[in-house]
Structures are given as structure tokens and as C-alpha cells.
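Below, each chain spelled out in residue letters.
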Amino acid sequence: MIVVEDEQLAAFAPRLDAQFRARCVEALGSRGKWQPDRLERAVDTALERARALGLSEERSVLSYILLATDIVLARPDQHVVRAAEAILAEKRITEWQRVRLAEDYFRQLHEPRA
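Further remarks concern the environment of A84. Positionally, A84 belongs in helix α4 (residues 78-89). The sequence separation of A84 and A102 amounts to 18 residues, and the corresponding C-alpha distance is 5.0 Å.

If you want it as C-alpha cells, here you go:
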């Protein structure tokens, strides 16, 4: 059995975090035309919010970033935003389920404005 000590893992964490951040910037950037500094600020803000929500799995964090951006750009009614936030904050279900459920809720209830 291989055992990785906390100190060993900590040595790799900054590089892994930077690589993941770069993947997030790339994924979000592929969805539209953004100014580079605005794109990086959006990702940094979303990463902080994801941490506050207790999201730590890469797939959950990246899906959250894309969902949060869709919600902000869509500017839905406030009750839709509040409900999606409540789903994301619900700790009794797994983080992946929270993100997927919030996305499903948003997609079903948000009516794009003409």
C-alpha cells in the first residue's frame, strides 16, 4: 500500500491548483468572448464561491463555474437564483448531485428573455 504524507501532498498542491485553474479559465473562455482579465477574475470569484459552498471535486467545481456563469448571464428572476443557491448549499446530498440538481432546476424554470 502506498501512503502519501500530508507534507508530500502539500508540495504538489499549488501546481495542481494552478493547472485546475487554467483548465477552468480555458473551459469558460471557450463559451464566449471574454477579456482575459475579466475571465480570470470570473474564474477566481467562482472558485472562491465553490469553496464556500463546500465543493471540492474537480467535476463539481467546473460544472458549478459554468452553471454560475450561465445564471449570471441569463439574469433570471430572483426566485430562480435563490432556489438554485439553496440547492447548491444543501449539505445532505453529494456535491455532484447538488450541482446537477441546481442545473436541472435552472434549465427547467428559467425562461430566456426575448
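What follows continues from the structure just given.
Its place among the elements puts D70 in helix α3 (residues 58-74). Apart from residues no more than four positions distant in its own chain, D70 is found in contact with R31, F106 and R107.

Before going further, it helps to spend a moment on the packing of helix α2 (residues 36-52) against α3. One can describe the packing of α2 onto α3 by two numbers: an axis separation of 10 Å at closest approach and a directional angle of 125°. With respect to their mutual orientation, α2 and α3 come out oblique. Between α2 and α3 lies a crossing whose hand is right-handed. Here A46, L47, R49 and A50 of α2 come into contact with α3, specifically with V61, Y64 and I65. A per-class count over the contact of α2 with α3 returns six nonpolar, no polar and one charged.

So, on to the packing of α4 against helix α5 (residues 95-109). Where α4 contacts α5, the two axes come as close as 8 Å, and the packing angle between them is 165°. When the axes of α4 and α5 are compared, the pair comes out roughly antiparallel. Judged by the sense of rotation from one axis to the other, the crossing of α4 with α5 is right-handed. Contacts between α4 and α5 involve H79, V80, A83, A84, I87, L88 and A89 on the former and, on the latter, R98, V99, L101, A102, Y105, F106 and L109. Here the contact of α4 with α5 is composed, by residue class, of 12 nonpolar, one polar and one charged.

Rules used in this analysis
Position numbers for residues start from 1 in each chain and track the written sequence from start to end. In keeping with the predicted nature of the model, local features appear solely for residues at pLDDT of at least 70, side-chain atom pairs appear and are counted solely at 80 or more, and the whole-chain, interface and lining totals rest on all residues. Side-chain figures throughout are based on the complete set of non-hydrogen atoms in the structure, without hydrogens or water. The helix and strand labels rest on DSSP assignments: H or I over at least four residues marks a helix, E over at least two residues marks a strand, and numbering proceeds from the N terminus. Note on definitions: a residue-residue contact is assigned when non-hydrogen atoms from the two residues lie within 4.5 Å. Throughout, an axis means a line fitted to C-alpha atoms (over the contacting stretch in the case of helices), and angles, computed between N-to-C directions, take values from 0 to 180 degrees. Note on terminology: angles under 35 degrees are roughly parallel, angles over 145 are roughly antiparallel, angles of 65 to 115 are roughly perpendicular, and the others are oblique. Take the far helix as the reference: if the near one is turned anticlockwise from it by less than a right angle, the crossing is left-handed, and if turned clockwise, right-handed. All residues other than Ala, Val, Leu, Ile, Met, Phe, Trp, Tyr, Cys, Pro, Asp, Glu, Lys and Arg, Gly among them, are scored as polar; the first ten of these are nonpolar and the last four charged.

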